[in-house]
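For reference, the chains in residue letters:
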Amino acid sequence: MMAAALRAAGGRAAAALLRRRGPGGPPAGLGAGPRRYRYKEKWAATAPRIPPTRLALHHFDVNYSLQLKDLWPSVRASLLCEQKYGALLNNFSAVDHVTQELELLNATDFVSQAPKKALRWQRGAAAEEAGRGESRSQEGSGEGRTAMQAETMTRAETSPPLRPSISSNIKCYTFPRGDVTRFRPARPDALGLLDYYLMDAASLLPVLALNVQPDDFVLDLCAAPGGKTLALLQTGICGYLAANDVSISRTKRLYQILHSYVPKVIRETVSVTSYDGRDWGQLQGSTFHKVLVDVPCTTDRHSVMEEENNIFHRRRTKERQMLPMLQLQLLMAGILATKPGGEVVYSTCSLSPLQNEYVIERAVEIAETEFNISIHVEDLSHFRTLFQDTFSFFVDCRLGELVLPHLTANFGPMYFCKLRRM
Ligand SMILES: C[S@@+](CC[C@H](N)C(=O)[O-])C[C@H]1O[C@@H](n2cnc3c(N)ncnc32)[C@H](O)[C@@H]1O
């Protein structure tokens, strides 16, 4: 029975996976253990339980090695190592000296650093261009050449900043590449509001991609436990913020986070609901300037590390297989909730193309054919330039951007893609 299951599960990789016995693994004897402990297939009443983390890893070995090729072994190792966090500063907290404290530890705000780095990048490109111009016009006077270079440099400095205009109000500190220092737990101020929120720093990228503008009506369709809702509130410019999540228990955690980080007057402006997000398009269609659709997914890092609440548990197979459908329905609802001209950011914390790019492609197609809505997939490739010092990006996405876990920058996975409703 086990041998048949192994064959069905995909042969060599599964066998290799099962040879190594990890914590909570199947009984000894599946692999190279002493002969007397070997599992006697014909005597066993039930097949040994393979832990969901092991099933997840096997599933990823089979699928992601095809997608990521040579990159997979290092991404795999990173998924199995301690992840890095970022400290999202709470602008509502009155704790003093947090930034000084973090900077003394050598942490930097990767959000505010990005435009500076982009400017340096633009200057570098301009200098290169000026250098090329110089070698083209050998005959120009020294003075003339300097003036031309200066003009090119000034143009670079005054040229519009790389899109998006990164919201300067969001501040998130991270330690440099290769530095695995941990942040201390958050501390309360005199009113009990915590000074920062620890989160996967890559989770901020979908919020930054949303590029909230003053007075925007914003919908966070799958909001709990609330890290991204909190980041949206840190911009301080939402005209109206609706935070929805179908799960009542997770919505309670969202309330707790709002309570721990946001003053009452601001909290009360957030509309928290527990609808099935798939119905939202019909409830409040064409209403929002910006919609975040941060869908349930295989949460790849969690799936290889935690047995509890693991979507690779055998009893959740059907639910897992149905995820791309649920994701598509949620994205469609998000598109329908957006005003014409408004924007949707879709995100997952999975590497799976089936949950990422295929969902986008299907949604664009369905919007066009069934709702007569044309969608433009926005280019976010400048994120790779802006944030290359902090995150490792996969360069081969067709649509959207994907942060790959890396041993020196162990954030993600995080896929995000921005759509404009025309
Ligand atoms: C990836 S989590 C969201 C994380 C959240 N955005 C954050 O940053 O903290 C996905 C969420 O989708 C919610 N969800 C699942 N199905 C849903 C549905 N049909 N409608 C709305 N929310 C749903 C889950 O309860 C879960 O909280």
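Scoring rules and cut-offs
Residues numbered from 1 in each chain as written. Predicted model: local features only at pLDDT ≥ 70, side-chain atom pairs only at ≥ 80, totals over all residues. Heavy atoms only, no water. UniProt positions renumbered as here; feature names shortened; annotations may be inferred. Helix = DSSP H or I, 4+ residues; strand = E, 2+ residues; numbered from the N terminus. Buried < 20%, exposed > 50% of the residue type's maximum accessible area, 1.4 Å probe, protein only. Contact = heavy atoms within 4.5 Å. Polar contact = N/O pair within 3.5 Å; in protein donor to acceptor, adjacent residues only side chain to side chain. Expected span 1.5 Å × (residues − 1). Axes fitted to C-alpha atoms, helices over the stretch in contact; angles between N-to-C directions. Parallel < 35°, antiparallel > 145°, perpendicular 65-115°, else oblique. Left-handed = near helix turned anticlockwise from the far one by under 90°. Nonpolar A, V, L, I, M, F, W, Y, C, P; charged D, E, K, R; others polar.

The protein has the name 5-cytosine rRNA methyltransferase NSUN4 in an unreviewed UniProt entry, where Accipiter nisus is given as its organism. Entered under Sequence similarities (unreviewed entry) in the UniProt record, the comment concerning the protein runs "Belongs to the class I-like SAM-binding methyltransferase superfamily. RsmB/NOP family." UniProt's Subcellular location (unreviewed entry) comment on the protein is quoted here verbatim: "Mitochondrion".

Asks: Honestly, the UniProt feature "binding site: S-adenosyl-L-methionine" (unreviewed entry) in the protein in this entry has me stumped. Any pointers?
Replies: According to UniProt, the feature "binding site: S-adenosyl-L-methionine" (unreviewed entry) maps to Cys 222, Ala 223, Ala 224, Pro 225, Gly 226, Gly 227, Lys 228, Asp 245, Asp 276 and Asp 294 in the numbering used here. Looking at the element boundaries, Asp 245 is found in the loop between β6 (240-244) and α10 (248-261). By relative accessible area, which is 9% here, Asp 245 ends up buried. Sequence-distant contacts of Asp 245, that is, excluding residues within four places in its chain, are made with Leu 221, Cys 222, Ala 223, Ala 224, Arg 250, Thr 251, Thr 273, Ser 274 and Tyr 275. Within the structure, Asp 245 has its side chain in polar contact with the backbone nitrogen of Ala 224 (distance 3.0 Å). Mapped onto the fold, Asp 276 is located in the loop between β7 (270-273) and α12 (280-283). Residue classification places Asp 276 among the partly exposed residues on the basis of a relative accessible area of 25%. Polar side-chain contacts of Asp 276 include one of 2.8 Å to the side chain of Arg 278.

Asks: For this particular structure, what's the right way to read helix α15 (residues 323-337)?
Replies: For an α-helix the count is 3.6 residues per turn, leaving residues at separations of three or four pointing the same way. With 15 residues, α15 extends 21 Å from end C-alpha to end C-alpha; this agrees with the ideal 21 Å at 1.5 Å per step. Across the 15 residues of α15, 11 count as buried, placing the element largely inside the fold. All buried positions along α15 are accounted for by Leu 323, Gln 327, Leu 328, Leu 330, Leu 331, Met 332, Ala 333, Gly 334, Ile 335, Leu 336 and Ala 337.

Asks: Hey, could you run me through the packing of α15 against helix α16 (residues 357-371) in this one?
Replies: To describe two helices that pack against each other, one gives the angle between their axes and the distance between the axes. Relative to each other, α15 and α16 sit at 50 degrees, their axes nearing to 10 Å. By the angle between their axes, α15 is oblique relative to α16. Once α15 is placed against α16, the crossing between them reads as right-handed. Contacts from Pro 324, Gln 327, Leu 328, Leu 331, Met 332, Ile 335 and Leu 336 in α15 reach Val 359, Ile 360, Arg 362, Ala 363, Ile 366, Ala 367 and Phe 371 in α16. Across the contact of α15 with α16, the residue classes tally to 12 nonpolar, 1 polar and 1 charged.

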